[in-house]
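# Structural features, examined
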Amino acid sequence: MRISVDEARALWNEASDEELIGRANEVRDRFHAPKRATYMVMRIINYTNVCVAQCDYCAFYVLPNQDGGYILSREDVFAKIDELVEFGGDLVAFNGGFNPRLPIDYYCDLFAAVRERYGNRVEFYALTIAEFVFLADRAGLTYAEAAARLRDAGVHWVTGGGSEILTEDFRKRHAKWKYTVRDYFEAQRAIVESGMKTTATMVIGFDETLDERLEHLQRTRDFQDETGGLFSFLCWTYKPYGTAFGGREIAPREYWRHIALSRIFLDNIPHIRTSVLTQNEGAFRALDYGADDFDLPIEDEVTQKAGARIDLDLEGLLAIPRSLGYEVEYRRAERPAVLAS
Ligand code: SF4
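Residues numbered from 1 in each chain as written. Predicted model: local features only at pLDDT ≥ 70, side-chain atom pairs only at ≥ 80, totals over all residues. Heavy atoms only, no water.

Let us look at the overall build of the protein. Broken down by element type, the protein carries 13 helices and nine strands. Since a compact globule built from 341 residues should have a radius of gyration of about 20 Å, the 19 Å found for the protein is in line with a globular shape. In terms of overall dimensions, the protein has C-alpha extents of about 50 × 40 × 40 Å along its principal axes. By residue count, 59% of the 341 residues in the protein fall in the buried class. For the protein, the share of sequence-separated contacts (at least 6 apart) that also reach a separation of at least 24 residues comes to 75%. (Helix = DSSP H or I, 4+ residues; strand = E, 2+ residues; numbered from the N terminus. Rg over C-alpha atoms; globule rule 2.2 N^0.38 Å. Buried < 20%, exposed > 50% of the residue type's maximum accessible area, 1.4 Å probe, protein only. Contact = heavy atoms within 4.5 Å.)

Spelled out as structure tokens, the structure:
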């Protein structure tokens, strides 16, 4: 049965780990076979590090007139994808900054070129919702118009990244130029209505309160009730090194408990994903707490600049969930039915 925010708060404050694991697995079992998990090998391609949003938790960006800014060429992007394919991966996620020098044509030309070169052999997440909002705003397009431009360039997915904690107050404290929560969901609705696919994400471990975490989960569940457009929910943890905000990393157990609470609360989202990128070996323990899916990333400059460690021994990593009793199976990114031809 669905739980309320008050019940979620009580579970967080009072439930033992065993109780959370048991409740989370009741929900997990509705969607997935027990002791089975899926994974993807992927690469995040940071196509530019120039950004005007100035989020205080980010160690990645440079401002437009500072030294060290870059924009990847098409050849750079292809080389990175080719290397991913050599690793056995088939999923790319494009993620960069709010770069005012990049017009929407840069994105559409790049994505069309990637689709033309790789067809459906390689799938890609083109941008996060946050970048999409910036792109539409800069181009003077409605979200629906911008979504149509991307879709017509061969894009199938725009992920729910850039959400961090979806409360207006959190954004005012840490990312006041990253648009509002309202903008975020309006844009994501346009992505769903355009026929493309999307996902939900969350980042914990800043200074957010329990009520803010619960508000994020409530907004996500409500959006899914209204649209049915969220394929998965991925939560990762804040890396504080080299950021203006600073702080410390949360303990793995807090992350696992949050994964369990998310699995219980988000009873309408099929996949709960655990973050190897930010939790490394500890991410696999979250499978016991209700997660069913994970990425093995080979690069992400954004989190690596803030202290993330990437392990390229993929077989060594896969041995960990196997040692916990899980059968693991490779999962290919789905192509939206409406766009299939
Ligand atoms: S988190 Fe993203 S939007 Fe914020 S400053 Fe960094 S690159 Fe820019």
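What follows picks up the thread again.
The environment of the ligand is formed by Cys51, Ala53, Gln54, Cys55, Cys58, Phe60, Tyr61, Gly97, Phe98 and Lys178. A breakdown of the residues in the shell around the ligand according to their chemical character gives seven nonpolar, two polar and one charged. (Near = heavy atom within 4 Å. Nonpolar A, V, L, I, M, F, W, Y, C, P; charged D, E, K, R; others polar.)

Our focus in this paragraph is the environment of Phe94. Within the secondary structure layout, Phe94 lies in strand β2 (residues 91-94). C-alpha of Phe94 to C-alpha of Thr128: the two residues are 34 residues apart in sequence and 7.8 Å apart in space. In contact with Phe94, other than residues within four places in its own chain, are Ile45, Tyr47, Val77, Leu110, Phe111, Val114, Phe124, Tyr125, Ala126, Leu127, Thr128 and Glu131.

Now for unusual backbone geometry. Even without a glycine there, the phi angle at Gln54 is positive, about 55°. The phi torsion at Tyr179 lies on the positive side, around 65°, for a residue other than glycine. As for its placement among the helices and strands, Tyr179 is situated in the loop between α7 (168-174) and α8 (181-193). Assessed through its relative accessible area of 21%, Tyr179 is described here as partly exposed.

Glancing now at the packing of aromatic side chains. Across all of its chains, the model carries 24 aromatic pairs by this definition. Centroid distance Phe111 to Phe124: 5.6 Å. Interplanar angle 25°. Geometry classified as stacked. Separated by 13 residues along the polypeptide, Phe111 in helix α4 (residues 104-118) and Phe124 in strand β3 (residues 123-128) bring together distant segments of the chain. Pair check on accessibility: Phe111 and Phe124 agree, each one buried. (Phe/Tyr/Trp six-rings, centres within 6.5 Å; stacked < 30°, edge-to-face > 60°.)

Let's shift gears to the packing of helix α6 (residues 143-152) against α8. Orientation of α6 relative to α8, taken along the N-to-C sense of each, is 45°, at an axis distance of 9 Å. Put simply, α6 runs oblique to α8. Both α6 and α8 take part in a crossing whose hand is right-handed. Packed against α6, whose contacting residues are Tyr143, Ala144 and Ala147, the element α8 presents Asp183, Glu186, Ala187, Ala190 and Ile191 at the interface. Across the contact of α6 with α8, the residue classes break down as six nonpolar, no polar and two charged. (Axes fitted to C-alpha atoms, helices over the stretch in contact; angles between N-to-C directions. Parallel < 35°, antiparallel > 145°, perpendicular 65-115°, else oblique. Left-handed = near helix turned anticlockwise from the far one by under 90°.)

Turning our eyes to something else, we now look at the pattern of salt bridges. In a structure, side chains of opposite charge can pair up when their charged atoms sit close to one another. On inspection of all chains with the given rule, the structure shows 34 salt bridges. Where Glu327 meets Arg36, a salt bridge forms, and the shortest distance between an N and an O atom there is 3.9 Å. Highlighted residues: Glu327 in strand β9 (residues 327-330) and Arg36 in strand β1 (residues 36-45), separated in sequence by 291 residues. Take Arg36: its relative accessible area is 35%, and that puts it in the partly exposed class. In this structure, Asp293 engages Arg331 in a salt bridge whose closest nitrogen and oxygen atoms are separated by 2.9 Å. Of this pair, Asp293 sits in strand β8 (residues 293-297) while Arg331 is found in the segment after β9, placing the two residues 38 residues apart along the sequence. Among the ionic contacts, a cluster of salt bridges with common partners joins Arg43, Lys80, Glu83 and Glu299. (Salt bridge = Lys/Arg side-chain N within 4 Å of Asp/Glu carboxyl O.)

We now examine the side chain of His258. Mapped onto the fold, His258 is located in helix α10 (residues 252-265). Since its relative accessible area comes to 1%, His258 is described here as buried. Discounting residues that sit within four places of it in the chain, His258 has contacts with Trp12, Met202, Ile204, Arg213, Leu217 and Cys235.

Look at helix α2 (residues 17-31): 21 Å from first C-alpha to last across 15 residues, which is about the 21 Å you get at 1.5 Å a residue. Among the residues making up α2, those that are buried are Asp17, Leu20, Ala24, Val27 and Arg28. (Expected span 1.5 Å × (residues − 1).)

Next up on the list: the nonpolar core. Within the largest apolar cluster, 104 residues are counted, with the highest numbers of intra-cluster contacts made by Phe94, Phe111, Leu150, Phe294 and Leu296. It is α4 that provides the largest number of residues to this core, a total of nine residues. Leave out the neighbours within four places in its chain, and Phe294 touches Ala37, Thr38, Tyr39, Met40, Arg273, Thr274, Val276, Phe284, Leu287, Leu318, Pro321 and Val328. The next biggest cluster of nonpolar side chains, apart from the first, holds eleven residues, and it includes Met40, Ile44, Ala93 and Ala333. (Core = buried A, V, L, I, M, F, W, Y, C linked by side-chain atoms within 4.5 Å.)

Side chains His271 and Arg273 project from strand β7 (residues 271-274) onto one buried face, and the interleaved Ile272 and Thr274 project onto a second face that is buried too. In this sheet, β7 lies alongside strand β6 (residues 230-237) in parallel orientation, the contact comprising three bridges. Across the sheet, the residue bridging to Ser232 is His271, located in β7. Where the polypeptide runs from β6 across α10 and back to β7, its parallel neighbour, the crossover connection is right-handed. By the bridge criterion, two bridges tie β7 to β8 in an arrangement that is parallel. Considered in β8, the bridge of Arg273 is made with Asp293. (Pairing = 2+ DSSP bridges. Right-handed = clockwise from strand over helix to strand, strands pointing away.)

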